[in-house]
Amino acid sequence: MKPAIIFHQYIWIVNTLRRCGGLTLDQLNRRWVEDGVADGNVLQRSSFNRHRDAILDMFGIIIACEPRTYRYYISNPHELNEDSIGRWMYRTLTVHGVLADSAAVRERVMLENVPVG
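The following refers to the structure shown. (Residues numbered from 1 in each chain as written. Predicted model: local features only at pLDDT ≥ 70, side-chain atom pairs only at ≥ 80, totals over all residues. Heavy atoms only, no water.)

**With respect to the overall build of the chain**
Then, in step 1: For the chain, the helix and strand inventory stands at five helices and three strands.
Then, in step 2: Traced from its N-terminal end to its C-terminal end, the chain shows the element sequence α-β-α-α-β-β-α-α.
Then, in step 3: Expressed as a percentage of its 117 residues, the buried residues of the chain come to 32%.
Then, in step 4: A fraction of 47% describes how many contacts in the chain between residues 6 or more apart in sequence connect residues 24 or more apart. (Helix = DSSP H or I, 4+ residues; strand = E, 2+ residues; numbered from the N terminus. Buried < 20%, exposed > 50% of the residue type's maximum accessible area, 1.4 Å probe, protein only. Contact = heavy atoms within 4.5 Å.)

If you want it as structure tokens, here you go:
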């Protein structure tokens, strides 16, 4: 699978949990299929757990599970508000995803060259 697709899935999971405040895996899976995130394929528990681990490693965002309700939620939402590399990467990939999904706008947006050093 292409890295861009995987990053899109990470961003979708974070945005969905952030917007909803918390969801069970079944609720998350229904939204996943409805939104066509993986071409209508379901989100397997093992894939979700790998995504959770990668989201933690890349962005420092902890997706925890409430043991009584089995609802997944972002346990450190402040991480998305602090000045950090994880937040910068998350926001950059979010903008990239929006531009990639909006073919009509993509040709009209000009981005600055950013030094890579």
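**A closer look at the sheet that holds strand β2 (residues 63–66)**
Then, in step 1: One open sheet accounts for three strands, arranged β1-β3-β2; its pairing is antiparallel. Only two strands of the sheet have a single neighbouring strand rather than two, namely β1 (23–24) and β2. (Pairing = 2+ DSSP bridges.)

**Regarding the pattern of salt bridges**
Then, in step 1: In this structure the tally under the stated criterion is one salt bridge.
Then, in step 2: Between Arg 68 and Glu 66 there is a salt bridge whose closest N-O contact spans 3.3 Å.
Then, in step 3: For Arg 68, a relative accessible area of 73% gives the class exposed.
Then, in step 4: Using a relative accessible area of 23% as the deciding quantity, one classes Glu 66 as partly exposed. (Salt bridge = Lys/Arg side-chain N within 4 Å of Asp/Glu carboxyl O.)

**A word on the side chain of Asn 76**
Then, in step 1: Among the structural elements, Asn 76 can be located in the loop between β3 (71–74) and α4 (85–101).
Then, in step 2: A polar contact of 2.8 Å, which involves the side chain of Asn 76, links it to the backbone oxygen of Gly 60.
Then, in step 3: When near neighbours in sequence (up to four residues on either side) are disregarded, Asn 76 contacts Gly 60, Ile 61 and Ile 62. (Polar contact = N/O pair within 3.5 Å; in protein donor to acceptor, adjacent residues only side chain to side chain.)

**Some details on the pairing of β2**
Then, in step 1: Relative to β3, β2 runs antiparallel, the two being bridged by four bridges. Paired with Cys 65 across the bridge in β3 is Tyr 72.
Then, in step 2: Hairpin remark: β2 followed by β3, antiparallel, with four residues in the connecting loop; positive phi at Tyr 70, about 60°.

**As for the environment of Met 58**
Then, in step 1: Here Met 58 is to be found in helix α3 (residues 45–59).
Then, in step 2: For Met 58 and Tyr 10, which are 48 residues apart along the polypeptide, the C-alpha to C-alpha distance reads 9.8 Å.

**Topic: the nonpolar core**
In globular proteins that are soluble, nonpolar side chains generally tend to be buried together.
Then, in step 1: By size, the foremost hydrophobic cluster in this structure holds 21 residues, and its most contacted members are Ile 13, Leu 17, Leu 28, Trp 32, Phe 48, Ile 55 and Ile 63.
Then, in step 2: Secondary-structure elements contributing two or more residues to this core are α1 (3–20), α2 (25–34), α3 and β3.
Then, in step 3: Examining the composition of this core, we find that six residues originate from one element, α1, more than from any other.
Then, in step 4: In this structure, Phe 48 is in contact with Ile 13, Leu 25, Leu 28, Leu 43, Ile 63 and Tyr 72, ignoring residues within four places of it in sequence. (Core = buried A, V, L, I, M, F, W, Y, C linked by side-chain atoms within 4.5 Å.)

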